[in-house]
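# Residue-level structural notes
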Amino acid sequence: MSDKMRLSGLISGMDTDSVIEALVSTKKQKVTTAQGNQKKLEWKQEIWKNINTDIKALQQTYLSSMRFSSAFQKKKTTASDSSVASVVTGDGAVDATQKLKVESLAKTAYLTGKDLNGDSTAKTYTASSTLKDLGYASGNTDTLRINIGGEEKGSLEITENTTISDVLTSLKNAGLNASFDESTQRFFVSSKATGKSNDFTLTDSGNGALSKLGLVTATEAEKNAADYDSSEYASKIDGSDAVIYLNDAKFTSNTNTFQINNLTITALSETKDKEITLTTATDTSGIYDMVKNMIKQYNKVINEIDKYYNADSARKYSMLTDEQKEALSDEEVEKYETRIKDSLLRRDTNLSSLQSIFTDVMGSGIEIGGKTYYLSSFGIGTGSYFDTADNEKHALHIDGDSDDSLTASNTDKLSALIASDPDLVSDFFTKLSQDLYTKLSGVSKSVDGYRSYGSFYDDKKMKTDYSDFDTLIKKLEEQANDYEDKLYKKFSSMESTLASLQKKTSALSGLLGTSS
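Let me sum up the structure you'll find in this document. (Residues numbered from 1 in each chain as written. Predicted model: local features only at pLDDT ≥ 70, side-chain atom pairs only at ≥ 80, totals over all residues. Heavy atoms only, no water.)

### Brief notes about the sheet that holds strand S1 (residues 75–79)
Taken in spatial order, the five strands make up an open sheet running S1-S15-S3-S11-S12, and their pairing is antiparallel. Only two strands of the sheet have a single neighbouring strand rather than two, namely S1 and strand S12 (249–253). Along the sheet, successive strands turn relative to each other by an average axial angle of 30°, direction set aside. As judged from the five bridges shared by S1 and strand S15 (residues 276–282), these two strands associate in the antiparallel manner. In the sheet register, Ala79 faces S15, and the bridge partner there is Leu278. (Pairing = 2+ DSSP bridges. Helix = DSSP H or I, 4+ residues; strand = E, 2+ residues; numbered from the N terminus. Axes fitted to C-alpha atoms, helices over the stretch in contact; angles between N-to-C directions.)

### Re the sheet that holds strand S6 (residues 151–158)
Taken together, the three strands give an open sheet; going across it, the order is S6-S5-S9, and neighbouring strands pair in antiparallel fashion. Single-partner strands in this sheet number two, and they are S6 and strand S9 (200–203). On average, each strand axis in the sheet is inclined to that of its neighbour by 15°, with strand direction left out of account. The pairing of strand S5 (residues 142–148) with S9 spans four bridges and is antiparallel. Of the residues in S9, the one forming a bridge with Asn147 is Thr201.

### Section: the pairing of strand S8 (residues 186–190)
Judged from the three bridges that link them, strand S4 (residues 110–112) and S8 form a sheet pairing that is antiparallel. If you follow Tyr110 over to S8, its bridge partner there is Ser190. For strand S7 (residues 177–181) and S8, the ladder comprises five bridges, and the chain directions are antiparallel. Within S8, the position partnered with Asn177 by the bridge is Ser190.

### So, the pattern of salt bridges
For the structure shown, the criterion picks out 18 salt bridges. Asp81 is the partner of Lys274 in a salt bridge, and the nearest nitrogen-oxygen pair spans 3.3 Å. In this pair, Lys274 is assigned in the loop between strand S14 (263–267) and S15 and Asp81 in the loop between S1 and strand S2 (85–89), connecting sequence segments 193 residues apart. Overall, Lys274 belongs to the partly exposed group, its relative accessible area being 46%. Lys236 is the partner of Asp238 in a salt bridge, and the nearest nitrogen-oxygen pair spans 2.8 Å. Among the residues examined, Asp238 registers a relative accessible area of 47% and is labelled partly exposed. Salt bridges sharing common partners tie together Lys107, Glu270 and Lys272. (Salt bridge = Lys/Arg side-chain N within 4 Å of Asp/Glu carboxyl O. Buried < 20%, exposed > 50% of the residue type's maximum accessible area, 1.4 Å probe, protein only.)

### Regarding the side chain of Asn256
Note on placement: Asn256 falls in the loop between S12 and strand S13 (257–260). From its side chain, Asn256 meets the backbone nitrogen of Ala106 in a polar contact 2.6 Å long. (Polar contact = N/O pair within 3.5 Å; in protein donor to acceptor, adjacent residues only side chain to side chain.)

### Notes on the packing of aromatic side chains
Under the definition given, this model contains nine aromatic pairs. On the basis of an interplanar angle of 85° and a centroid distance of 5.1 Å, the ring pair of Phe428 and Phe429 is categorised as edge-to-face. Each member of the pair, Phe428 as well as Phe429, is classed as buried. For the cation-ring pair, Arg67 lies above Tyr437, with the distance from its terminal atom to the ring centre recorded as 3.9 Å. Positioned above the aromatic ring of Phe200, the side-chain terminus of Lys236 is 5.0 Å from the ring centre. (Phe/Tyr/Trp six-rings, centres within 6.5 Å; stacked < 30°, edge-to-face > 60°. Lys NZ or Arg CZ within 6 Å of the ring centre and 35° of its normal.)

### Structural notes on helix H10 (residues 422–443)
For H10, with 22 residues, the first-to-last C-alpha span of 32 Å sits near the 32 Å given by 1.5 Å per residue. Restricting attention to buried positions, one finds in H10 the residues Leu424, Val425, Ser426, Phe428, Phe429, Thr430, Leu432, Ser433, Leu436, Tyr437 and Leu440. (Expected span 1.5 Å × (residues − 1).)

### Quick word on a negative patch on the surface
Together, Asp330, Glu331, Glu332 and Glu334 give the surface a local cluster of negative charge. With respect to the helices and strands, Glu331 occurs in helix H7 (residues 330–341). By relative accessible area, Glu331 is classed as exposed at 65%. (Patch = residues over 30% accessible without salt bridge, like charges linked within 9 Å, V, L, I, M, F, W, Y side chains within 5 Å. Areas by Shrake-Rupley, 256 points an atom, 1.4 Å probe, with all protein chains shown as cover. Lys, Arg positive; Asp, Glu negative; His and termini not counted. Charge placed at Lys NZ, Arg CZ, Asp CG, Glu CD.)

### Quick look at the side chain of Thr162
Mapped onto the elements, Thr162 comes out in the loop between S6 and helix H2 (164–174). Here the side chain of Thr162 touches Thr159 through a polar contact of 2.9 Å, landing on its backbone nitrogen. Beyond its immediate sequence surroundings of up to four residues, Thr162 is in contact with Ser129, Thr130, Leu131, Leu156, Glu157 and Val167. (Contact = heavy atoms within 4.5 Å.)

### Details of helix H8 (residues 349–363)
Given a rise of 1.5 Å per residue, 15 residues ought to cover 21 Å, and the 21 Å separating the end C-alpha atoms of H8 matches this to within 8%. Of the positions making up H8, those classed as buried are Leu351, Leu354, Gln355, Ile357, Phe358, Val361 and Met362. When H8 is viewed along its axis, its buried side chains cluster within an angular range of 160° and face the same direction. Relative to its buried face, H8 has exposed residues pointing more than 90 degrees away, namely Thr349 and Asp360. In this structure, the buried side of H8 is in contact with helix H1 (16–66), helix H5 (284–309), strand S19 (396–398) and H10. Its side-chain oxygen placed 2.9 Å from the backbone nitrogen of Asn350, Asp348 serves as the N-cap of H8. (Arc of directions from axis to C-beta.)

Dropping the structure here:
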């Protein structure tokens, strides 16, 4: 509508605004209808995006790996004493029972400095305290050398003005953990990793800096002397490697983890002379869970497809206008719009194609060793018509699945076959997965102007249609506004003509003496 002043029907006596509003309403309804259709398209895109995501999850998370036999070569290793070691079984591990002994665990080198105050509490040293404060002779110099794994990693020239903070910085820069605890008046220094190769030593050039810092450790000879006083020295635990014996063969590691013949063994505690057993066998529960999770995702997809494809018609439900929404509660609006949303893919041809692919593949037979097997051969099938809910008729159930109330009481045929004939299970599900993966890849190819690669619906076409609605709505709004302006101009012209005529009539009446 133009912003120019418009004349009302003062002369004609007509309700101009109401008349024009009625005449323009048809054109404005076209705008409203286009906006409603665009909103439906937006909802349709959202629904398809969710379906597409779920199908991609089935294809990429499960079918992509299950189409190869390696996915079914799952092994699990159990330790007879889980407090001694944990084991992660890698691809290629063989079924075996082995004996393990943990002689020693890898240790981190750790130095606890002596109490700088000894038995006295007269002084308290802080990070800003200097070597002079600690009693280091004025004018003396010394060199602190930091050796890690047999290599010098850092050094510090020490004078009477060197602070405890300076020493800590040097230790840290060399690659050690270091701190000074004011409450205990001690240095604490440790390696950042376990193992002999990460052990460290601290030395000075002989002028006593380490002694004043409380970082001198006793030699073995000093420890064995009769007059040895442990309070005069720092305490140090040397870094050492872990040592285990697997089937009497010795292995060492600077950590407590060992990679041996596709097993990752983590030593947890020392066994001394005791041995434990490690048993590697087919991981039946892992294979079962893989198949179960694939079926669970398949059910999510097929139930979703059935829900939207079989939805009731919402033809009688027109899109709500803003005025209609204001008259309803938020809950009522949501319920009304959901009714429309749920019907948008009713009898959709793309959904129908996907539904056929899923049900055909999952219901087909697969020949193995001259015999044809079906999912039912492994205790997997759809529920009875009367026991399953609407739109879940194509969902699959595993006999003996404790999470499925429909089939939990049935004999667990799948687990039994995984344990007794894992090759059969592998052959069947790899071929099934290959078939479904290939067919899904076929319908998710790029189609110029319609579909992006990896999409199971016409996402490109929908995006274009949405943009076209923007153009159409703008055009219809302009047409409605132009028509409204045109009508106002006509009515204004009519009012002006009537006003002029009334003025002339009044003047003529005055000349003829007939004016009141």
